[in-house]
Amino acid sequence: MAKAMNKTERRLRELVRRHGSPLFAISRTSLRAQYERFRKALPRVEPYYAVKANANPGVLKTLAAGGASFDVASIAEIDAVLAAGAAPAKIIFANTIKPAKAIAAAAGRGIDLLTFDSEYELDKIAERAPGARVIVRIKVPNVGSIVELSLKFGVDPADAIGLLIKAHKLGLRPAGVSFHVGSQCTRPENYIDALEMTSIIVRDARLKQVPLEIVDIGGGFPIRHLDGEEDPFDACASVIAREVDRLFDSSVRLIAEPGRFIVGPACTLVMRVIGKAIRENKHWYYLDDGVYGALSGLVFDHAKYQFKVTRNGHTQLSTLAGPTCDSLDIIARGEELPEMELGDMVYVQNIGAYSLASATAFNGIPFAKAVMVP
Ligand SMILES: *Cc1c(COP(=O)(O)O)cnc(C)c1O
C-alpha cells in the first residue's frame, strides 16, 4: 500500500524525478549545522574536516566558505581542498606515512603541518619539506570504537618525546601530539585516556625544552545512525571539553579532525527497486545501488543503516540486494518490509561518511549521482 509521503520523501521523490537514481543528496544546511554544533560543543577545539570521509567538491566548498580547516591524506585531497578555496595554512597532512613525492608536493603548495609516527618518516619529511612543523601520532586505546585505527598507526607514547627531539635535530619544528580514538567512538573514556597520555607528553616535553604548541585530538566523534537511538555526541563532547580545560593551559592550541560527525548526517542515499524475485519463500528486492557502490560502508565502515520505504501495510521478512552480479552484494537480510513494486524508492539517511567515498564502478554500474541541496 502506498502511504502518504512525508515532507522529506516528497522532496526526495522530486529530486529523483529530476536527477534519476541512485541519488546521493548532500544538504548544505545540515553540513553547516554539524560544523556549528561541533564549534559550540567544543569551543576550544578547532575542527579540521577529515576529507577522506567525503571529498565531494560541494562539501569542501561549503565548509571552506564557512571558514573550516581540513585534514588531508593525499595529493589529490590537497588539490581538492585548495580548489575549494581553502588556504594552505588551513590544511594538516595527517596521513602519518606518505610517499616522498606527496611530502614534496605538499611543501610546494605551502602546507607545513604534517603528522608522523615513525623515525623513517621524519627522515623523509626533513629531506622533502625542510623546516616543516611535525606532530607525532601516538597509539591510544580504541576500545569499543566501530572502526579500529590503532592497529596500523601510532608510536608508543613513551617514544614520542625522543622522536620530537630527533625531529628538532633534523631541522624540523616539533609542533605537537596527535591521536585517534577509533571512528564512531561511543566510549568517552577513550578520549579521557588519550588526553591524559597526551598531557603527560606535553608536560615532559616542556621540561625537556621542546615546548609543543598543538594537541590534535583526531576524529572519532560519533553520530546517530538509526532512528530512536540516543545521539551519542553530546556526552562525548562534554567530557572532552571538561578534560581539555583540566589538562591544558591556554598556551596549547587544540585541534580535531572530525570526518563522520561533520558529513554523516548531511547525506541521504535514494535508490529504486529495479527487480523482484521470490527465493525460498522470501521477497527479494534488487536495488539500483549496493555494496559495491554508495553502500560500501557496509563492508569498509562496518556501518549499520536504516532502510526506509514509502509504503506501509502488512510487512514480511525481505532481502535487499544490489545491482551487481556478485553474491557479496546483498545489502540486508531479514528486513521487515511491506511488499514493494518496481520503481519504488528505498532510502537511507545519515550516510554521508565513508559511503560514496569508497564506492567502486564494479560491473560498470554507475556511481550514485551526488547533488547539493539546500
Ligand atoms: C579517518 C581519520 C579521521 C576522521 O575520523 P572520523 O572518525 O570520521 O571523525 C581523522 N583523522 C585521521 C588521521 C583519520 O585517519
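Residues numbered from 1 in each chain as written. Predicted model: local features only at pLDDT ≥ 70, side-chain atom pairs only at ≥ 80, totals over all residues. Heavy atoms only, no water.

**Q** What is the right way to read the site of the ligand from this model?
**A** Close to the ligand lie 14 residues, the nearest being Lys 52, Ser 183, Glu 257, Arg 260 and Tyr 354. Here Arg 260 contributes a backbone N or O atom positioned 2.8 Å from an oxygen atom of the ligand. Measuring from an oxygen atom of the ligand, one finds a side-chain N or O atom of Tyr 354 at 2.6 Å. Taking 390 Å² as the accessible area of the ligand by itself, protein coverage stands at 93%. Classifying every residue of the shell around the ligand gives 4 nonpolar, 5 polar and 5 charged. (Near = heavy atom within 4 Å. Polar contact = N/O pair within 3.5 Å; in protein donor to acceptor, adjacent residues only side chain to side chain. Areas by Shrake-Rupley, 256 points an atom, 1.4 Å probe, with all protein chains shown as cover. Nonpolar A, V, L, I, M, F, W, Y, C, P; charged D, E, K, R; others polar.)

**Q** Before we go on, may I ask you to explain the state of the cysteines in this structure?
**A** Covalently bonding the sulfur atom of one cysteine to the sulfur atom of another cysteine gives a disulfide. Taken as a whole and assessed by the stated rule, the structure comprises 0 disulfides. Its sulfur unpaired, Cys 236 is 5.0 Å from the next cysteine sulfur, which belongs to Cys 185. The buried category is assigned to Cys 236, whose relative accessible area is 1%. (Disulfide = S-S within 2.5 Å. Buried < 20%, exposed > 50% of the residue type's maximum accessible area, 1.4 Å probe, protein only.)

**Q** Hey, could you run me through the pattern of salt bridges in this one?
**A** Applying the stated criterion to the full structure yields 22 salt bridges. Here Glu 213 and Arg 133 are joined by a salt bridge, their closest N and O atoms 3.4 Å apart. With Glu 213 in the loop between helix H8 (188-207) and strand S8 (214-216) and Arg 133 in strand S6 (residues 133-137), this pair connects stretches of sequence that are 80 residues apart. The exposure class of Arg 133 is buried, given its relative accessible area of 14%. (Salt bridge = Lys/Arg side-chain N within 4 Å of Asp/Glu carboxyl O. Helix = DSSP H or I, 4+ residues; strand = E, 2+ residues; numbered from the N terminus.)

**Q** Where do I start with the domain arrangement of the protein chain in this structure?
**A** By a frequent convention, interface size equals the accessible area lost on bringing the separate parts together. Domain annotation for the protein chain reports domain 1 (7-25 + 265-373) and domain 2 (28-264). Its C-alpha centre places domain 1 at a distance of 33 Å from the equivalent point of domain 2. Across the contact, 19 residues belong to domain 1 and 24 residues belong to domain 2. Carbon and sulfur atoms make up 52% of the surface buried where domain 1 meets domain 2, a total of about 1900 Å² over both sides. Three residues stand out in domain 1 for area buried against domain 2, namely Pro 265, Tyr 354 and Met 372, and they jointly supply 35% of the buried area on that side. On inspection of domain 1 and its partner domain 2, the count reaches 2 salt bridges. (Domains from an automatic or database assignment. Contact = heavy atoms within 4.5 Å. Buried area = accessible area lost by both parts, 1.4 Å probe.)

**Q** Help me out: how do you make sense of the nonpolar core in this one?
**A** Nonpolar side chains tend to gather and get buried jointly when the protein is soluble and globular. Counting 101 residues, the largest nonpolar core has Tyr 49, Phe 70, Ile 217, Phe 221, Phe 307 and Leu 320 as its most contacted members. Counting residues domain by domain, this core receives three or more from each of domain 1 (7-25 + 265-373) and domain 2 (28-264). Those residues within four positions of Phe 221 in sequence are excluded, and the remaining contacts are Phe 38, Leu 42, Tyr 191, Phe 233, Ile 240, Ala 256, Pro 258, Arg 260 and Phe 261. Core analysis: the second largest hydrophobic core is formed by 10 residues, Leu 12, Ala 25, Tyr 347 and Val 373 among them. (Core = buried A, V, L, I, M, F, W, Y, C linked by side-chain atoms within 4.5 Å.)

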